[in-house]
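This is what each chain is made of:
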Amino acid sequence: MSTLTNPSFSTVFTQFLRRVLHHWTPITVTLAFAATTLSGLNLYLYTQVIGRPDLFLPALESGASLAAWLFIVLPIMAGYLFILTSTGWLYGLCVSMLGRRRRHLGQAAQRLLLPVIAGSLTFVVLVFFCPDWLGASGSVAFVIAATVLGLVATYALSPRFRLLVALAAGRKWSWAKLGFLSCVAMLLVCTVLAATFSISLILASYIGEDTNDAVRFVATLSFFTQVLSLAPAFVFFTVRGSLYRRLVIGFTVTVLLFLAFLLVARGAASSVSHAAAGKLELRQTFTTRFVLPRRIELDDLDSLLWHTRVVRDGRVEVLAYQLFGFGNVLLLCPGSLLKSELHRLPRYSRQCLRTSPEEVERKPLRFRYSRTGDPAPWRVHAERLADRASAFGAEAVAK
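Here's what I pulled together on the structure shown here.

What counts, and where the lines are drawn
Residues numbered from 1 in each chain as written. Predicted model: local features only at pLDDT ≥ 70, side-chain atom pairs only at ≥ 80, totals over all residues. Heavy atoms only, no water. Helix = DSSP H or I, 4+ residues; strand = E, 2+ residues; numbered from the N terminus. Buried < 20%, exposed > 50% of the residue type's maximum accessible area, 1.4 Å probe, protein only. Contact = heavy atoms within 4.5 Å. Areas by Shrake-Rupley, 256 points an atom, 1.4 Å probe, with all protein chains shown as cover. Expected span 1.5 Å × (residues − 1). Core = buried A, V, L, I, M, F, W, Y, C linked by side-chain atoms within 4.5 Å. Pairing = 2+ DSSP bridges. Disulfide = S-S within 2.5 Å. Polar contact = N/O pair within 3.5 Å; in protein donor to acceptor, adjacent residues only side chain to side chain. Phe/Tyr/Trp six-rings, centres within 6.5 Å; stacked < 30°, edge-to-face > 60°. Lys NZ or Arg CZ within 6 Å of the ring centre and 35° of its normal. Patch = residues over 30% accessible without salt bridge, like charges linked within 9 Å, V, L, I, M, F, W, Y side chains within 5 Å. Salt bridge = Lys/Arg side-chain N within 4 Å of Asp/Glu carboxyl O.

**Side note on the overall build of the protein chain**
In step 1: Each helix and strand in the protein chain was counted, giving 19 helices and six strands.
In step 2: Across the 399 residues of the protein chain, 39% fall into the buried class.
In step 3: For the protein chain, the share of sequence-separated contacts (at least 6 apart) that also reach a separation of at least 24 residues comes to 71%.
In step 4: Surface summary for the protein chain: the accessible area is close to 23,700 Å², and the carbon and sulfur share equals 65%.

**Some points on helix H13 (residues 212-228)**
In step 1: When the terminal C-alpha atoms of H13 are compared, their 24 Å separation across 17 residues agrees well with the 24 Å that a helix rising 1.5 Å per residue should span.
In step 2: Among all positions of H13, only Ala 214, Val 218, Ala 219, Leu 221, Ser 222, Phe 223, Thr 225 and Gln 226 are buried.

**A look at the nonpolar core**
In step 1: Membership of the largest hydrophobic core comes to 50 residues, with the highest contact counts inside it found for Trp 69 and Phe 324.
In step 2: In terms of residue count, the dominant contributor to this core is helix H5 (residues 63-84) (seven residues).
In step 3: Apart from the residues lying within four places of it in its own chain, the contact partners of Phe 324 are Leu 43, Tyr 46, Thr 47, Ile 50, Leu 55, Ala 59, Leu 282, Val 329, Leu 330 and Leu 331.
In step 4: Of all hydrophobic cores here, the second largest spans 24 residues; its members include Tyr 91, Leu 151, Ala 233 and Phe 236.

**What about the pairing of strand E3 (residues 316-326)?**
In step 1: Among the 11 residues of E3, 10 are classified as buried, and the element is accordingly described as predominantly covered.
In step 2: When strand E2 (residues 309-310) meets E3, the two strands line up antiparallel, connected through two bridges. Across the sheet, residue Val 310 finds its bridge partner in E3, namely Val 316.
In step 3: Remark: five residues form the turn of the hairpin made by E2 and E3, two consecutive strands paired antiparallel; Gly 314 in that turn has positive phi of roughly 90 degrees.
In step 4: In this structure, E3 lies alongside strand E4 (residues 329-334), joined through six bridges in antiparallel fashion. Counterpart to Ala 320 in the pairing with E4 is Pro 334.
In step 5: Where E3 folds back onto E4 in an antiparallel hairpin, the turn is made up of two residues, including Gly 327, whose phi is positive at roughly 65 degrees.

**Examining the state of the cysteines**
In step 1: For the coordinates displayed, the defined rule picks out one disulfide.
In step 2: Disulfide pairing is shown between Cys 333 and Cys 352; the S-S distance is 1.9 Å. Handedness here is read from the sign of the S-S torsion; for Cys 333 and Cys 352, about 110 degrees, the answer is right-handed. With Cys 333 in strand E4 and Cys 352 in the loop between helix H18 (345-348) and strand E5 (353-355), the pair connects residues that are 19 residues apart, well separated along the chain.
In step 3: Judged by relative accessible area, which is 9%, Cys 352 ranks as buried.
In step 4: Looking at the unpaired Cys 94, the closest cysteine sulfur is the one in Cys 190, lying at 9.7 Å.
In step 5: Taking the relative accessible area as the measure of exposure, Cys 94 reaches 0% and is therefore buried.

**Brief notes about the side chain of Ser 349**
In step 1: Among the secondary structure elements, Ser 349 is positioned in the loop between H18 and E5.
In step 2: From its side chain, Ser 349 meets the backbone oxygen of Ile 50 in a polar contact 2.6 Å long.
In step 3: Sequence-distant contacts of Ser 349, defined by excluding residues within four places in its chain, comprise Ile 50, Gly 51, Arg 52 and Leu 323.

**Let's talk about the packing of aromatic side chains**
Geometry of an aromatic ring pair is reported as the spacing of the ring centres plus the angle between the planes.
In step 1: Considering all chains together, one arrives at six aromatic pairs under this definition.
In step 2: Between Tyr 155 and Phe 161, the aromatic rings sit 6.3 Å apart at their centres with planes inclined by 90 degrees, giving edge-to-face as the arrangement.
In step 3: When the ring of Phe 223 is compared with that of Phe 224, the centres are 5.5 Å apart and the planes differ by 75 degrees; the resulting orientation is edge-to-face.
In step 4: Here Phe 224 falls in the partly exposed class, since its relative accessible area comes to 47%.
In step 5: Aromatic rings pair up to connect Tyr 46, Phe 324 and Phe 326 into one cluster.
In step 6: Across from the ring centre of Phe 236, 4.6 Å away, lies the NZ or CZ of Arg 246, which sits over that ring.

**What to know about a nonpolar patch on the surface**
In step 1: On the surface, Leu 121, Val 125, Phe 129 and Val 215 cluster together to form a nonpolar patch covering roughly 320 Å² of accessible area.
In step 2: Mapped onto the elements of the fold, Val 125 is located in helix H8 (residues 113-128).
In step 3: With relative accessibility at 34%, the residue Val 125 sits in the partly exposed group.

**Concerning the pairing of strand E1 (residues 288-291)**
In step 1: Where burial is concerned, the two faces of E1 agree: the one with Thr 288 and Phe 290 and the one with Arg 289 and Val 291 are both buried.
In step 2: Across four bridges, E1 lies against E3 in antiparallel orientation. Looking at E3, one finds that Arg 289 is bridged to Leu 319.
In step 3: In the sheet, E1 pairs with strand E6 (residues 361-362) via two bridges, with the strands oriented antiparallel.

**Structural notes on unusual backbone geometry**
In step 1: Unusually for a residue other than glycine, His 307 sits at a positive phi of about 55 degrees.
In step 2: Secondary-structure assignment places His 307 in the loop between helix H17 (303-306) and E2.
In step 3: Accessibility expressed as a relative area gives 46% for His 307, which makes it partly exposed.

**Focus on the pattern of salt bridges**
In step 1: Under the criterion given, the structure shown has six salt bridges.
In step 2: Of the charged contacts, one joins Arg 52 and Asp 54 as a salt bridge, the two residues approaching to 3.0 Å between their closest N and O atoms.
In step 3: Classification of Arg 52 as buried rests on a relative accessible area of 6%.
In step 4: Judged by relative accessible area, which is 31%, Asp 54 ranks as partly exposed.

Listed below in structure tokens is the structure:
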């Protein structure tokens, strides 16, 4: 009976391989369609986030570039997924300490939700609403205390949880049992504190103005992201069926929750596309000089914004950087927009110039030599930062 409910890995793998070979044609067509759709969707998101969706259809003509784009997008999305599921991995490890039988693991997964949720709620409240109340060390200590108190409350209020601990570490109190509970508490604390990575990811990918509503939205999203990241492990331990069936269900839940996160989080999907554009240098982070085609004259551009000049053959040369370069589409923007924040780009990207790589000439970068006696760059930057700080302090005092 156990062989029928829990088949060996070789049996499951052989059955899976036979099914794949039998349905090879529809599988390859489906995967190709999904890959093309994912590449096109990410490319559209990037054109949307920079405020130039009109570049999407012309850029689609390059099929080979779409394939290269996909190979960059997938590892970045995998990295996002690994960061978001780090809490679930630690939670699953903690659950597995409380038993080996499937029924016991399901009960342990249910009972350990209380301390994790208590610690997560405390963590989010301290990070977003009381960041200066206790300081960094005090906040960490408070989160640890909330998590441990949640575990103590679970042990005191749940006879089933006490039975699970007794089965794992013995019924009588001893140093071994106390050490076992301490290990469970330590893993729960690590599970809660692992939310630092997901919260940092959410903050780094957020696109929008810094308002009170934005703080509440990001705090709510961070809390639910941390709680829902436990869902794959929770489903794995509580759903009935064979090991491979539970693995498939857990993986499906993980993918669905990750897609929901990309749809709900403001800027998460856009940040993936933005990062992929930087890796492929579709978006460059430096300025250089471009010689424009003859159809663009000197009067068509703002000389102060583009740093224009006329070269020997009468064409216009500008100082710009590449914001979008895909296939036969090239978008050049003034160098003053290089440091613009991502959510502000749509306001200014209409000032950028659309052309093609064949129509422009890219000049090589010039080395900049500092004159003898010039102060070191770090000293100049430090003095500039100090001047800004003093000016800001003076304005605050005046107000």
